[in-house]
Amino acid sequence: MKQFEFDSIKRQIMEASKIPFAIYQLIDEKVVTILVSDGMCEILGMSREDSISLMNHDLYRDTHPDDIARVSEACYKFAKGEGELNIVYRIKDNKIGKYVMVHATGRAITPKKNLRLGLVWYSIEEFEKKGGDESEVKLKSNLIGLLHTESLIRENYYDGLTGLPNMTHFLQLADKAIPKMRKEKENPVMIFFDLTGMKLFNRKYGLAEGDRLLRAVAEILKDYFGYENCGRLSRDHFAVYTSGKGVEKKLYDIFSEVENINKSKSIPVRVGIYEDKFENVSASVACDRANLAADSEKNTYSSKFVYYDESIRDLALTKEYVLTNFEKAIKNNWIRPFYQQIVRTVTGQVCDEEALARWIDPERGLIPPDQFVPVLEDARLIHLLDLHMVDCVLKDIKRRKSAGIDIVPVSINISRYDLELCNIIDEICKRVDKAGVSRNFITLEITESVSGVDPELIKDRVNRFHKEGFKVWMDDFGSGYSSLTVLQNFDFDLIKFDMRFMREFNSSEKNPIILTALMQMATKLGIDTIAEGVETEEQIKFLKEIGCNKLQGYYFNRPNPTDVVIENFRQGTGIAYENKPESGYFEIISKASLTEPTINSLEYGEAVNEYLNALPMGVLEYSDDEFYVLRYNKTYEEFLIKAEFIPRDALQGNAVHVMLRRNPDPNFVKAAKKTVKSKQWVAVKDSVENGMSMRAYVRWLARNPVNGAEAVLIVILAATTDDAQ
């Protein structure tokens, strides 16, 4: 429908009137101001253009908070043609800084056939003005009493902030309306709206701005679905019942409008849709199912709608089963740890293990963790699972010791909710100490989602874990939107790169670049790294080149229970465990940066810093007059091949500790021995390798306490052939 236009003479006459009034038109379910009088402009203290803009976009800006919902409802019903308007409310006069009483009276006018406009007059007097004759004072007193009484009545049925029916009243309205829609074959649907990230929005912009956002969303929903078809269920949750016809188009339009609220100061909306044709249920059940559909995309930070279907129904049944049987599962040990080994890049040996919760149910078989962990988090029971896992891991460590198996640190996942639900630090300390297990063998993993928790709380808990002798890792790094903030704010010992980096490894040229930059940044910060989801030799080689310390994934093994781990050890199968006395040696080698060596103190007259990313760098081990390659970047690998130290395929896949097939130039060996003694950078002078004159520096890194081998870092500044010289 197009906006109605008065002819110029009528418009001039009406606009010149000193009586405060406005004329409205309902266009596509939206109330649009098409004319305001001079008297109205005078009351608002604005030009005509600004007055119309205000009334179209923020009509209730200065209305008393207790009256907004009531006025909004009355005006909307009037615009829809449901009776005339006659309402008293309060509005703040910004000139005097006080509220004044407003009496709005409206009636319909029909300037032409099939066109209905709303004409509203406004009369205003000071609300807090004292004095006046007795009848006037009595009238004001009665009006104030009426406002208060009506507000109390409305609280039982309507939401005070948005004016929408509250949850109870909305469900009552829906239960009455939906059967009628069924009879008229309108295919009713229940729609659940969830504003994503409301807590962070309030933290960033303030509660007042958050309330403005909620009111704006409510207005949009009213415009599209009608006043009593909408309801506000909780702070950031809304619901709508309507006909399914054309609903997707409306939702896309709503997403667009919500995105542009308050100059795009908004957040996405997750939407779940329950179609009545799926199964006839009460409005309450329909709303719950629409909520389940919306929650199925809870990790998506974009506006999206999802229909309730059989898969979501199955998840709902699983949720019910999990909550009903969780206590029994803990008691009967149906939930127990499966261990996935973590391999150190330098050695190819197991240096850590991760304990993963597995629910082996006597009725349902394996219940995947992505089906029961979120349920326990939502129910605020997750701390009971995590403490159960701690108990199980401690028992398994003692079993392994008794079986004579090498013990490596075991990482246990801790939910962010544990930090709020119990004194998780004291609980873990008590259990570990009672079991007689060294705290060095227990590592705690917290997911990147901790960014949604109070930062000061997370800092305090991480620092306290460190103080108590535990290492703390951050899991799923890169899975969310706050990775760099997490690195900046919290002191984690290690970060685990989310497996999506490996899953999408070959899908885009950007992925390796991003992963390389993040890996190098972590190294500069002195933080260890693990890449999850490793499945191919290509991935392993790439991760070695960019300096990833540890690897985890199906390429090496799948998670196994302790019984299988013990049996593999007895049969001598599987990957060897790292020798504990050597762990410190390999830790130092793993942390050495192959991108930016500490060479600022050297005086060799070249601005090397500009070229560091291209410099060949590696770690060699010197033992019994033989040299081995422990680590390398891509350019150093190429140097080793050109110098004929190794064949081209020597460093493929999971190859570790590769011996050079010939020893380096004596001058290099001399420099290597010198740095072992001095523990300082030493220049490699007059070294020639396969016809290439090499200028380099070497620095001692560490000594292997078991076999006495020495590890040295090499940085090649230049390698030129005789022809080039």
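Residues numbered from 1 in each chain as written. Predicted model: local features only at pLDDT ≥ 70, side-chain atom pairs only at ≥ 80, totals over all residues. Heavy atoms only, no water.

**Student:** Would you explain the overall build of the chain in this entry?
**Tutor:** Regarding its fold elements, the chain presents 24 helices and 25 strands. Across the 725 residues in the chain, those meeting the buried criterion constitute 50%. Entry remark: accessible area of the chain is about 35,700 Å², with carbon and sulfur atoms responsible for 50%. (Helix = DSSP H or I, 4+ residues; strand = E, 2+ residues; numbered from the N terminus. Buried < 20%, exposed > 50% of the residue type's maximum accessible area, 1.4 Å probe, protein only. Areas by Shrake-Rupley, 256 points an atom, 1.4 Å probe, with all protein chains shown as cover.)

**Student:** Whenever I open this one, the sheet that holds strand 20 (residues 617-623) confuses me. Can you help?
**Tutor:** As a general point, the strands of a sheet are linked pairwise by backbone hydrogen bonds and lie either parallel or antiparallel. Within the open sheet, the six strands sit side by side as 22-21-20-25-24-23. Their pairing is antiparallel. Every other strand in the sheet has two partners, leaving strand 22 (658-659) and strand 23 (682-689) as the edge strands with one partner each. As paired elements, strand 21 (residues 626-632) and strand 22 share two bridges and run antiparallel to each other. Within strand 22, the residue paired with tyrosine 628 across the bridge is methionine 659. On top of the sheet, helix 23 (residues 634-642) reaches strand 20, strand 21, strand 23, strand 24 (692-703) and strand 25 (710-721); it is set at about 150° to strand 21, its chief contact. In the packing of helix 24 (residues 666-678) onto the sheet, contacts are made with strand 20, strand 21, strand 23, strand 24 and strand 25, and the angle to strand 23 comes to roughly 160°. (Pairing = 2+ DSSP bridges. Contact = heavy atoms within 4.5 Å. Axes fitted to C-alpha atoms, helices over the stretch in contact; angles between N-to-C directions.)

**Student:** Is there a simple way to think about the pattern of salt bridges in this case?
**Tutor:** Side chains bearing opposite charge may pair, as long as their charged atoms lie close to each other. One pass over the structure, following the stated rule, counts 34 salt bridges. Notably, a salt bridge pairs arginine 439 with glutamate 468, separated by 2.7 Å at the nearest N-O pair. Of this pair, arginine 439 sits in the loop between helix 15 (424-435) and strand 15 (442-447) while glutamate 468 sits in the loop between helix 16 (455-467) and strand 16 (471-477); the two residues are 29 residues apart in sequence, bridging distant segments of the chain. Relative accessible area serves as the criterion here: at 19%, arginine 439 is assigned to the buried category. A relative accessible area of 30% places glutamate 468 in the partly exposed class. With its nearest N and O atoms 2.5 Å apart, the salt bridge here joins aspartate 460 to arginine 461. (Salt bridge = Lys/Arg side-chain N within 4 Å of Asp/Glu carboxyl O.)

**Student:** Please explain unusual backbone geometry as it appears in this structure.
**Tutor:** What you tend to see is this: most non-glycine residues have negative phi, and most peptide bonds are trans. Positive phi values are uncommon outside glycine, yet aspartate 476 reaches one of about 60°. Position of aspartate 476 among the secondary structure elements: in strand 16. Given the relative accessible area of 22%, aspartate 476 is considered partly exposed. For histidine 657, which is not glycine, the phi torsion reads 50° and is therefore positive. Within the element layout of this structure, histidine 657 appears in the loop between helix 23 and strand 22. Among the residues examined, histidine 657 registers a relative accessible area of 35% and is labelled partly exposed.

**Student:** Help me out: how do you make sense of the sheet that holds strand 10 (residues 304-307) in this one?
**Tutor:** Taken in spatial order, the five strands of this open sheet run 7-8-6-9-10, and their pairing is mixed. Two strands close off the open sheet at either side, each with one partner strand: strand 7 (230-234) and strand 10. For this sheet the average axis-to-axis angle between neighbouring strands, irrespective of direction, equals 25°. In this sheet, strand 8 (residues 237-243) lies alongside strand 6 (residues 188-195) in antiparallel orientation, the contact comprising seven bridges. For aspartate 194, the partnering residue across the bridge sits in strand 8 and is histidine 237. Sheet contacts for helix 10 (residues 283-295): strand 6, strand 7, strand 8, strand 9 (269-275) and strand 10; angle to strand 9, the most-contacted strand, approximately 135°.

**Student:** I tried to follow the environment of phenylalanine 193 on my own but got confused; where do I start?
**Tutor:** Note that phenylalanine 193 resides in strand 6. Judged by relative accessible area, phenylalanine 193 falls into the buried class, the value being 2%. Between the alpha carbons of phenylalanine 193 and arginine 232 there is a distance of 9.4 Å; along the sequence they are 39 residues apart. Beyond its immediate chain neighbours, meaning those up to four positions away, phenylalanine 193 contacts Leu221, Phe225, Asp236, His237, Phe238, Val240, Leu251, Val269, Arg270 and Val271.

**Student:** I'm lost on the packing of helix 13 (residues 382-403) against helix 15 in this one. Help?
**Tutor:** When two helices pack together, their arrangement is given by the angle between the helix axes and by the axis-to-axis distance. Interaxial distance between helix 13 and helix 15 falls to 10 Å at its minimum, and their mutual angle equals 20°. Classified by the interaxial angle, the pair formed by helix 13 and helix 15 is roughly parallel. Once helix 13 is placed against helix 15, the crossing between them reads as right-handed. Between helix 13, through Leu387, Val390, Asp391, Leu394 and Lys398, and helix 15, the contact on the second element is made entirely by Ile424, Glu427, Ile428, Arg431, Val432 and Ala435. A per-class count over the contact of helix 13 with helix 15 returns seven nonpolar, no polar and four charged. (Parallel < 35°, antiparallel > 145°, perpendicular 65-115°, else oblique. Left-handed = near helix turned anticlockwise from the far one by under 90°. Nonpolar A, V, L, I, M, F, W, Y, C, P; charged D, E, K, R; others polar.)

**Student:** Got a minute to help me understand the packing of helix 8 (residues 207-225) against helix 9 (residues 247-259) in this structure?
**Tutor:** One way to put it is that helix 8 packs onto helix 9 with a least axis distance of 11 Å and a crossing angle of 155°. Here helix 9 runs roughly antiparallel to helix 8, going by the angle between their axes. The two elements helix 8 and helix 9 meet at a crossing, and its hand is right-handed. Only Lys250, Asp253, Ile254, Glu257 and Val258 of helix 9 make contact with helix 8, whose side of the interface consists of Val217, Ile220, Leu221, Tyr224 and Phe225. Of the residues contributing to the contact of helix 8 with helix 9, the split by class is seven nonpolar, no polar and three charged.

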